[in-house]
Amino acid sequence: MDFKNKFYYMLAPIEDMTDSCFRTLCYRYGADLTLIELIRFESLAKNNKSSWERIKLYDDTPTLIQIIGEREQFLKKFLSKLSPEKGFLGFNLNLGCPAPNFVNKGVGCAMVKRISKTKKLIGIIKDYGYGTSIKMRLGLNQYEKEKKTYLNLIKGVNADFFIVHARHGNQTYNEKADWSIFPECVKTGKNIIANGDIETKEDIKKIKSFGCKGVMIGRAAIINPLIFAELKGLSTPSIDKIKAEYGRLLKERNPPFRYQKNIFKHLRSNVEFKEI
Ligand SMILES: Cc1cc2nc3c(=O)[nH]c(=O)nc-3n(C[C@H](O)[C@H](O)[C@H](O)COP(=O)(O)O)c2cc1C
């Protein structure tokens, strides 16, 4: 990653949608970096077949594997089994998921306040020589947001970059993301990538004015995978060409049917996203 000279456009991980076919498509049309949706590293350590299938890479699309969990021994066990494939650029630790099954175990957005645990996990990934990043919400709830839990985490942990989804864990997508927090995150001196409701060239201008090093785009990219090219001012093919290209990738790689079902439900539509 070259944060000094480049502003990054990243595809957000969206469960059951951003598989390798969709990630490749977005990379071909302007996304600089893509993320695999969250996977429990405990499942990978325990050789769960479908988890290992999800981290399989098919080409050189720049990709981070997003992991979630807390027990160091499982992370070490998984990392000792991994042989990095072409396209793999490192790991992203999820400190953002608000789903109760994760929050109740103290992970996802409940981990934003667990600085020493986060440091340990990031340290283990570094010991193996891999790139590290964190995707986080602003804490578990409004109280943690007001206490600036997210700033303490950014200051206290040394990851290569931090993707900040500007909502706390109790907020739904009906509430606007709060971009006013980005300047203070940037002031920590860490590399900050902005996430939440970013869609237009005006949005990019605003995010750049805060000093962020890039943007991450989720739902708007599912609706329109050409968004990265459009935001960068590159020429774009027709949506029919994109659908055919995606169809060819599906044929080649044959991911579980739910991926294409979910993509085709949202592509160029107003269908609401199920909350996560
Ligand atoms: C259906 C759905 C699934 C998601 N799955 C993940 C996930 O696996 N990992 C993650 O970090 N964020 C996940 N997110 C959050 C997105 O990555 C992103 O942070 C959020 O949608 C805000 O960005 P946007 O406004 O550009 O969509 C998910 C969001 C949705 C709507």
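All values reported here derive from a predicted model rather than from experimental measurement. (Residues numbered from 1 in each chain as written. Predicted model: local features only at pLDDT ≥ 70, side-chain atom pairs only at ≥ 80, totals over all residues. Heavy atoms only, no water.)

1. Looking at the overall build of the chain
- Scanning the chain from terminus to terminus reveals 14 helices and eight strands.
- By principal-axis analysis of the C-alpha atoms, the chain measures approximately 50 × 45 × 35 Å.
- Summed over its atoms, the accessible surface of the chain is roughly 12600 Å², and 48% of this surface lies on carbon and sulfur atoms.
- Once the 48 positive and 30 negative side-chain charges of the chain are each reduced to a mean point, those two points are 3 Å apart. (Helix = DSSP H or I, 4+ residues; strand = E, 2+ residues; numbered from the N terminus. Areas by Shrake-Rupley, 256 points an atom, 1.4 Å probe, with all protein chains shown as cover. Lys, Arg positive; Asp, Glu negative; His and termini not counted. Charge placed at Lys NZ, Arg CZ, Asp CG, Glu CD.)

2. As for the pairing of strand E5 (residues 132-136)
- For E5, the buried fraction is high: five of the five residues fall into the buried class.
- The alternating pattern of E5 places Thr132, Ile134 and Met136 and Ser133 and Lys135 on opposite faces, both of which are buried.
- Sheet topology places strand E4 (residues 88-95) next to E5; five bridges connect them, and they run parallel. Within E5, the residue paired with asparagine 92 across the bridge is serine 133.
- The pairing of E5 with strand E6 (residues 161-165) spans four bridges and is parallel. Within E6, the residue paired with lysine 135 across the bridge is isoleucine 163. (Buried < 20%, exposed > 50% of the residue type's maximum accessible area, 1.4 Å probe, protein only. Pairing = 2+ DSSP bridges.)

3. Focus: the side chain of arginine 253
- Examined against the element boundaries, arginine 253 turns out to sit in helix H13 (residues 239-253).
- Judged by its relative accessible area of 10%, arginine 253 is buried.
- Of the polar contacts made by the side chain of arginine 253, one reaches the side chain of threonine 24; its length is 2.9 Å.
- Discounting chain neighbours no more than four positions away, the residues touching arginine 253 are Ser20, Cys21, Thr24, Tyr58 and Asp59. (Polar contact = N/O pair within 3.5 Å; in protein donor to acceptor, adjacent residues only side chain to side chain. Contact = heavy atoms within 4.5 Å.)

4. Considering the packing of aromatic side chains
- One pass over the structure, following the stated rule, counts eleven aromatic pairs.
- Here phenylalanine 91 and tyrosine 130 contribute two aromatic rings whose centre-to-centre distance is 5.6 Å and whose plane-to-plane angle is 70°, an arrangement assigned as edge-to-face. You can see phenylalanine 91 sitting in strand E4 and its partner tyrosine 130 sitting in the loop between helix H6 (115-127) and E5, a full 39 residues away along the chain. An identical accessibility class is assigned to phenylalanine 91 and tyrosine 130; each is buried.
- Lying across the ring of tryptophan 179, lysine 176 places its NZ or CZ 6.0 Å from the centre. (Phe/Tyr/Trp six-rings, centres within 6.5 Å; stacked < 30°, edge-to-face > 60°. Lys NZ or Arg CZ within 6 Å of the ring centre and 35° of its normal.)

5. Notes on the pattern of salt bridges
- Tallied over the entire structure, the rule returns 17 salt bridges.
- A salt bridge links arginine 258 to aspartate 16; its shortest N-O distance comes to 2.8 Å. Taken together, the positions of arginine 258 in helix H14 (residues 257-266) and aspartate 16 in the loop between strand E1 (8-11) and helix H1 (20-28) put the pair 242 residues apart, joining distant regions of the chain.
- Its salt-bridge partner being lysine 176, residue aspartate 197 comes within 3.6 Å of it at the nearest N-O pair. Taken together, the residues aspartate 197 in the loop between strand E7 (192-195) and helix H10 (201-210) and lysine 176 in the loop between E6 and helix H9 (182-187) connect sequence positions 21 residues apart.
- What makes aspartate 197 buried here is its relative accessible area of 17%. (Salt bridge = Lys/Arg side-chain N within 4 Å of Asp/Glu carboxyl O.)

6. Here we look at the sheet that holds E4
- The eight strands lie next to each other as E1-E2-E3-E4-E5-E6-E7-E8, forming a closed barrel whose pairing is parallel. Going from strand to strand, the sheet's axes swing by 25° on average, the running direction of each strand aside.
- Running over the sheet, H1 touches E1, strand E2 (33-40) and strand E3 (63-68) and is turned about 160° from E2. (Axes fitted to C-alpha atoms, helices over the stretch in contact; angles between N-to-C directions.)

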